[in-house]
Structures are given as structure tokens and as C-alpha cells.
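These are the residues of each chain, in order.
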Amino acid sequence: MASTTLLTPIAGFTVKTYKNAAAAYERGGKVFVNICGSDIVERAQGTTGIKIDDDHLDNRGLSNLQIPLLVGPARAMEDSSGNPAIAVDVVYHPSLVSRALNGTPQHPAKHFIGYLVDLALKNVEEDMGVKIEKELSKVKILPNCRYKGPAGQNSNNTFGFEVVNREQPPEPPRDPSKPKIEVIGEMPAKPKAKKPVKPIIRKGFFDKPNALEDDKELYPEGSAEGIPEPGRGNSVNMLPDNIKNKCHIVDTGAMDSNSLMETMKQYADTGRINPTQKGVYAKGEGPKADKPEIGIGHPEFYKKKAEEDKKWNPEKKTKEEPAAPAVSESLFKFVGQQEEPKYRIDDTVAKGAEALAIVVELPKIERMSQLHLDMVETQLQVRGGPYRLKVALPKKINVEGVTAKFISKKKELKVVAPIEY
């Protein structure tokens, strides 16, 4: 008989949906799906089956990953109005649930929420054998609820259920009438002796007995063998000279995401690039050897960023700790508690034309690279750190002429957008 283990999940957040999508709002049709965490569930895996670490999740998110989960038993309960409802737990590895609650510098919480909720609803429908509403725009994340269940179950009193342990199938019993060691077939013949291999190093200069009789030096002016040419320590300068002399070079490792997108757009629109910009080199040029430029593409960038984050928030732990305690502390912060920063919109003039100046106060932001900006003709979105802002603009603007600058002394983001006529 297979052995079992009691799984008591760690509460994360709760999604409300309905049975029978065609009659979604009928009484008694609510289904509360608790997204939870437990170390019993395996970590996310790559396409080759390799388990994904925290750095991969922080920087690349959940795209193209295999995500293990467990669906708990459905339990009957009553909603706040006394109508019959159903509660069911969907359990992931804690590394995924914590990022769905808090997000990462590279990916907002909604990136992880979208993946986990979509996968959970599909599996709950399959396990229950009942159609439920799965459209993400129609289901609701309960903002002040981390867990729902019958008999007063809550985030501090989750429902435990038995799961079957994975075991290797037992080996078939051995026939006692057969010997323990059985010789099958004839013994293999001894391999033929191999012919001696000729030495790879051929006789030459050092084998001649009179090669140095006249005391001549082998390298009278010294040897440059093994000494790199000036500037060859940088990866860009490792390119052959015939390529560097014919092509402009864009070192994506020495640029942040905003600069890279700006350079790509400039080349797509004009067929030209700006060699004065960091990470962009004209024909025949490259970064100097004494001051190589290190950007977001290099491992040193993440090491430096971790050191800066530690100085800004010394209480933040950078050393990896056991998953369960770390998650149990971080799960108390819900994604709905993110801040909307203060902002103001003023009329201004930019390059002789009327424009809008949007100033956003971001006291917890240190640098521009922490921010993500999305702008269309009638709307501005800003996200970064704990802040999320979505602003409807009073006038239609020309997106191509927009400029943005973060003023570190004032901790303000200033966006200037020319008005479209």
C-alpha cells in the first residue's frame, strides 16, 4: 500500500469564480480557489526537466516553464450571504506564490498571478468535472482574503489533506530455483593488442644537437606570445579587426533596457545609430581597456545591484534560506496593497510646441532603471518598486516626442509629452 503525507498549505491569496459559466451569477454557484504554497510540491522546471532557481524566476519569469501543482479536495461551505459555495486549494511551490504576492524588479506581481490563476482554474475544472468561469477578466482576486474554507478556516488555519508519496515500483521477485549469478552466453574474447601510437611531437629544432652552439638567443627582442593587444580584455574588443572596421557595434551588455529600445527604434526609423551613446561604437572603435563598460547583460551588473539594494534596505536578506520560513514571512503582503504615487499634470512648452509635463513623486525609487514606463496617446502607466500608476491624459499626445527623466535629488519622475494636433 502506498504511503501518504499530510500536506498543510501556506495561505497565499483567494480567487472567486463561478460554476457553470453560462449562469455565472446564480445563487449557490461561487467557487473559492485558494492559491497556496508548500515545499512538498516541486519547483518549476525547464523544458529539459532541470529545476529553476530563484535568479531565473526573478529575471526571466515563468515563460516556457513546466509548473507542478496539486489540487486539493473540493469542500462544501457557505458564502457571506449564507448561500452554498465550494472551496478548493491549488498548491504550488512557495517560490512561485511569494512572487505572485510581491513581484520582482524585472516582473510585476500580475505576471506571476496570471500564470498561476489560469493554470489553477483549468486544473480545478478538470478535477471537479464541472464547468467554471476561467476568463481572467471575469474572475476576481479577493483583496482582503488570503484563504477561505468551511468551519472558520483561514490563513492561520488552512485545510490539510493527504497526498500519496512518490515511490519507485518494487523489483519483481527473484526465482529461487535460478542461481544468484548467471552467465549468459560465452565469455568475450580478449581484445587484440593495439599497435603502438606514434608520438605526436615530431623531432625538430630542440632535437638538433648543434642548434645553440653559437649561443644565439631564441627571441633576442623578447616574445609577445600570450600577451593580448591593447584593449583586448573586453568582449567587444575580442571581435576581429576586419569586422570592427566595417561595422558599427552595439554592446547590449553595456546598455539598460530603455537605452537599448531607443537605439533599436532609432535604427529602424533612420537607418543610423548614435556612436556617442553608451554601448554604441563607431567603425573601428570599442570600449577602453582601463574602463570597460559593464551593463545589464553582464553578471557583474546583478552582483553590483544586489550590493546597492542591500545598502538601501540593510534588513533585506540576500543569502538563500529554507523556502518555508522565508515564504511564510513574505506571504503577509498582498499585491492589492501597492501604492499609487502622487502626481501632477502641467502645461508646458517643449521645442517651441505645447506639451504636457507629468511629474510623479517616487520617494522610494533610487534610479531610473527601477522604473518601467508605458505611454500611449491618451494614457501614461508607471510601475516600479511598490508603485503602480495609471493616468488618463487630458489631451492627446505625440508618443514619438516623449522624453522622461528621473531627478534623483527630488525623487521625481518628469515626463514631457508634446501635444498632438
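Further up the page is the structure itself.
Just so it is clear, the model here is predicted, and its values are computed rather than measured.

## A word on the overall build of the protein chain
Broken down by element type, the protein chain carries seven helices and 17 strands. Buried residues in the protein chain amount to 33% of all 421 residues. Contacts in the protein chain between residues far apart in sequence, at least 24 positions, make up 60% of those at least 6 positions apart. Surface summary for the protein chain: the accessible area is close to 28600 Å², and the carbon and sulfur share equals 53%.

## Comments concerning the nonpolar core
Phe13, Val33, Ile35, Leu62, Val90, Tyr92 and Leu96 are the most contacted members of the largest nonpolar core, which has 29 residues in total. Broken down by secondary-structure element, the contributors of at least two residues to this core are β2 (10-18), β3 (30-37), β6 (84-92), α2 (94-102) and α3 (109-128). With eight residues, α3 is the largest single contributor of residues to this core. When neighbours within four sequence positions are excluded, Val33 is seen to be in contact with Phe13, Thr14, Val15, Thr17, Val88, Val90, Ala120, Leu121 and Val124. Of all hydrophobic cores here, the second largest spans 19 residues; its members include Val360, Leu362, Met375 and Phe406.

## Remarks on the sheet that holds strand β14 (residues 379-384)
What links the strands of a sheet is backbone hydrogen bonding, and the strands pair in either a parallel or an antiparallel sense. Across the sheet, three strands lie side by side as β13-β14-β15; this open sheet has antiparallel pairing. The open sheet has two edge strands, β13 (372-376) and β15 (387-392), and neither has a second partner. Each strand axis lies, on average, 5 degrees off the axis of its neighbour in the sheet, ignoring direction. In the sheet, β14 pairs with β15 via six bridges, with the strands oriented antiparallel. Bridged to Leu380 within β15 is Val391.

## As for the pairing of β3
Among the eight residues that make up β3, eight are buried, leaving the element largely enclosed by the rest of the structure. Alternating residues of β3 divide into Lys30, Phe32, Asn34 and Cys36 and Val31, Val33, Ile35 and Gly37, and every residue in both groups is buried. Inspection of the sheet shows β2 paired to β3 by eight bridges, in the antiparallel sense. Its bridge partner being in β3, Ala11 is matched across the sheet by Cys36. Sheet analysis places β3 next to β6, joined by eight bridges and oriented parallel. Counted as the bridge partner of Gly37 is Tyr92 from β6.

## Things to note about the pairing of β14
Of the two faces of β14, the one holding Leu380, Val382 and Gly384 is buried and the one holding Gln379, Gln381 and Arg383 is not buried anywhere. The sheet contact formed by β13 and β14 spans five bridges and is antiparallel. If you follow Leu373 over to β14, its bridge partner there is Val382. Between the antiparallel neighbours β14 and β15 lie two residues, among them Gly385 with a positive phi of about 60 degrees.

## Side note on the sheet that holds strand β12 (residues 353-361)
With respect to topology, four strands assemble into an open sheet ordered β11-β12-β17-β16, the strand pairing being antiparallel. In the strand order of this sheet, the two ends are held by β11 (343-350) and β16 (403-407), each with one partner. If you compare each strand with its neighbour and ignore which way they point, the axes differ by 20 degrees on average.

## Some words on the packing of α2 against α3
Between α2 and α3, the shortest axis-to-axis distance is 6 Å and the interhelical angle comes to 130 degrees. In terms of orientation, α2 lies oblique with respect to α3. Here α2 and α3 pass one another in a crossing that is left-handed. Note on element contacts: α3 touches α2 through Ala109, Phe112, Ile113 and Leu116, opposite Leu96, Val97, Arg99, Ala100, Leu101 and Asn102. Of the residues that constitute the contact of α2 with α3, the class distribution is eight nonpolar, one polar and one charged.

## Looking at the pattern of salt bridges
Applying the stated criterion across every chain, the model contains 13 salt bridges. The shortest N-O distance in the salt bridge between Asp118 and Lys122 comes to 3.3 Å. Here Asp118 pairs with Lys122, and both are found in helix α3, just four residues apart, close to one helical turn. Taking the relative accessible area as the measure of exposure, Asp118 reaches 27% and is therefore partly exposed.

## Looking at α3
Between the first and last C-alpha of α3 there are 28 Å, a value that for 20 residues agrees with the 28 Å anticipated at 1.5 Å per step. If you check which residues of α3 are buried, you get Ala109, His111, Phe112, Ile113, Leu116, Val117, Ala120, Leu121, Asn123, Val124 and Glu125. Positive backbone phi, at 70 degrees, marks Gly129, one or two positions downstream of α3.

The rules we used
Residues numbered from 1 in each chain as written. Predicted model: local features only at pLDDT ≥ 70, side-chain atom pairs only at ≥ 80, totals over all residues. Heavy atoms only, no water. Helix = DSSP H or I, 4+ residues; strand = E, 2+ residues; numbered from the N terminus. Buried < 20%, exposed > 50% of the residue type's maximum accessible area, 1.4 Å probe, protein only. Contact = heavy atoms within 4.5 Å. Areas by Shrake-Rupley, 256 points an atom, 1.4 Å probe, with all protein chains shown as cover. Core = buried A, V, L, I, M, F, W, Y, C linked by side-chain atoms within 4.5 Å. Pairing = 2+ DSSP bridges. Axes fitted to C-alpha atoms, helices over the stretch in contact; angles between N-to-C directions. Parallel < 35°, antiparallel > 145°, perpendicular 65-115°, else oblique. Left-handed = near helix turned anticlockwise from the far one by under 90°. Nonpolar A, V, L, I, M, F, W, Y, C, P; charged D, E, K, R; others polar. Salt bridge = Lys/Arg side-chain N within 4 Å of Asp/Glu carboxyl O. Expected span 1.5 Å × (residues − 1).

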